[in-house]
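# Topology and contacts: notes
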Amino acid sequence: MRHRTRGRVAAAACAALVALSGCAAPQEPAPEGAQKKGAGAEAAVQVDAGLSALVPQRYRDKKTITVATSASVPPLAFVDSKNNNEITGVVVDLTKAWTKLLGLDVQVVRTEGGNVMPGVLSGRFDAVMSVGDFKSRQGTMDFVDFLRGGTALMVRSGNPHGVKGIDDLCGRSLAIGRGSIEETDAQRVSKECVGKGKPAVNINAFADGQAMVLALQSDRVETAWNDIAPANYLIKQNPGQFELTGDGVHWLAPYAAGFRKDDQQLRDAAQRALQKLVEDGTYRKILDEWGQGSIAVDRIAVNGSQF
């Protein structure tokens with residue numbers, strides 16, 4: 001929320017990027033129909049000789065880099081149980097695209113969220129596929145920022161209950177993910193409501209996004225508070241049923257690929273490759289395939305977080 005302190009914003013961003021930063025939050029199963037049909041936009045990407053020349057020789061020699069992910073946040077990166085447990089998602093497609101531009105194959109390795117960054121720092125992995133870029137982390141790793149992070153309120157289409165935003169939650173029925181930062185923040189908002197003499201927030205905690213959707217569909221709750229990428233995806237998966245409300249997205253720390261401090265040449269090659277994807281339109285096509293156009297960036301920054 002725009003009026004939060006930086007500490008609260010950082011905590012919320014940590015939860016939004018939970019699976020890759022080691023915070024605790026529920027892991028969601030792959031949504032129905034999660035797998036895209038046919039080849040995605042990343043399949044059309046061709047090797048760029050100029051960009052490939054920027055890659056350190058040791059990676060060019062082995063022709064592969066290994067990236068780590070917890071693969072537990074649909075639609076960013078998750079295991080599709082309906083398609084041979086393939087690791088898929090918008091970040092997976094972006095990673096395949098930028099590594100292909102560099103003339104590299106990519107090996108995506110699933111590991112526990114708390115082991116992702118330490119695994120890169122120890123040399124077990126070459127890069128983190130996606131992690132929160134916080135200023136406090138920039139002394140340890142370098143980050144190539146490629147998606148915006150945030151949270152948002154979701155309501156049924158037409159907003160039948162007239163929910164205006166976070167500051168309008170007093171007395172409202174609210175769905176959140178059990179154990180998420182949205183649950184913590186909802187409890188804080190509820191206490192603030194009571195302190196102002198208003199009704200508490202009726203907080204309903206659910207195991208995953210699909211359960212939240214069912215509660216919203218059946219009018220058990222008036223609104224749902226979720227991370228922006230899953231909220232966007234749930235809207236795409238249920239066309240015409242849901243929309244974002246109020247003052248929209250509360251932007252937090254960006255999602256980024258993470259690299260060791262001594263691997264700046266690979267970092268810079270990744271930044272250049274991602275920027276080319278932005279400029280030639282492939283980046284936006286990939287995001288649109290997953291319903292994530294609202295978290296697009298115009299410029300791929302290195303260590304660009306303000307959080």
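Since this is a predicted model, take the numbers as computed values, not measurements.

This next bit is on the overall build of the protein chain. Tallying secondary structure elements over the protein chain gives eleven helices and 13 strands in all. Put simply, the protein chain has 307 residues, and 57% of those count as buried. Partitioning the intrachain contacts of the protein chain with sequence separation of at least 6 by distance along the chain shows that 79% fall at a separation of at least 24. Just so you have it, the protein chain exposes about 12,600 Å², and 47% of that area is on carbon and sulfur atoms.

Judged by how many residues are buried, strand S1 (residues 64-69) sits mostly within the fold: five of six residues are covered. Alignment of S1 against strand S5 (residues 105-110), held across six bridges, turns out to be parallel. Residue pairing in the sheet places alanine 68 in a bridge with valine 109 of S5. Pairing between S1 and strand S6 (residues 127-132): two bridges, direction parallel. When the sheet's bridge partners are listed, alanine 68 is paired in S6 with valine 128.

Attention shifts here to helix H9 (residues 228-237). In terms of burial, H9 is a largely internal element, seven of the ten residues being buried. Residues of H9 that are buried: Ile228, Ala229, Pro230, Ala231, Asn232, Tyr233 and Leu234. The secondary structure elements touched by the buried residues of H9 are strand S7 (141-156), helix H8 (209-217), strand S10 (223-227), strand S11 (242-244) and strand S12 (250-260).

What follows deals with the state of the cysteines. A full pass over the atoms with the stated rule returns one disulfide. Sulfur-sulfur distance for the disulfide between cysteine 170 and cysteine 193 comes to 1.9 Å. Judged by the sign of its S-S torsion, about -85 degrees, the bond between cysteine 170 and cysteine 193 is left-handed. Pair noted here: cysteine 170 is in the loop between S7 and strand S8 (173-177) and cysteine 193 is in helix H7 (residues 181-195), with a separation of 23 residues, a long-range link.

Another point: the packing of aromatic side chains. Throughout the structure, instances matching the rule amount to three aromatic pairs. Between the aromatic rings of tyrosine 233 and tryptophan 290, the centroid separation amounts to 5.6 Å while the plane-to-plane angle is 45 degrees, which identifies the pairing as tilted. Here tyrosine 233, found in helix H9, pairs with tryptophan 290, found in the loop between helix H11 (282-289) and strand S13 (301-302); they are 57 residues apart in sequence, far enough to count as distant. Across the pair, tryptophan 290 and tyrosine 233 agree in class, each one buried. Counting every residue linked through ring pairs, the aromatic cluster contains Phe78, Tyr233 and Trp290. A cation over a ring is seen here: arginine 148 above tryptophan 251, with NZ or CZ 3.6 Å from the ring centre.

Another aspect to go through is helix H5 (residues 90-101). Count 3.6 residues to each turn of an α-helix, and residues three or four apart come out pointing the same way. Between its first and last C-alpha, H5 extends 17 Å over twelve residues, near the 16 Å set by a 1.5 Å rise per residue. The buried count for H5 comes to ten of twelve residues, which makes it a mostly enclosed element.

Moving on: the nonpolar core. The biggest cluster of nonpolar side chains holds 51 residues, and the ones touching the most others in it are Trp98, Leu147 and Tyr283. Sequence-distant contacts of leucine 147, defined by excluding residues within four places in its chain, comprise Leu76, Val91, Leu94, Pro254, Tyr255, Tyr283, Leu287, Ile295 and Val297.

Attention shifts here to the sheet that holds strand S4 (residues 86-88). Reading across from one edge, S2-S3-S4 is the order of the three strands in this open sheet, with antiparallel pairing throughout. The open sheet is flanked by strand S2 (72-73) and S4, the only strands paired with a single partner.

How each quantity is defined
- Residues numbered from 1 in each chain as written.
- Predicted model: local features only at pLDDT ≥ 70, side-chain atom pairs only at ≥ 80, totals over all residues.
- Heavy atoms only, no water.
- Helix = DSSP H or I, 4+ residues; strand = E, 2+ residues; numbered from the N terminus.
- Buried < 20%, exposed > 50% of the residue type's maximum accessible area, 1.4 Å probe, protein only.
- Contact = heavy atoms within 4.5 Å.
- Areas by Shrake-Rupley, 256 points an atom, 1.4 Å probe, with all protein chains shown as cover.
- Pairing = 2+ DSSP bridges.
- Disulfide = S-S within 2.5 Å.
- Phe/Tyr/Trp six-rings, centres within 6.5 Å; stacked < 30°, edge-to-face > 60°.
- Lys NZ or Arg CZ within 6 Å of the ring centre and 35° of its normal.
- Expected span 1.5 Å × (residues − 1).
- Core = buried A, V, L, I, M, F, W, Y, C linked by side-chain atoms within 4.5 Å.

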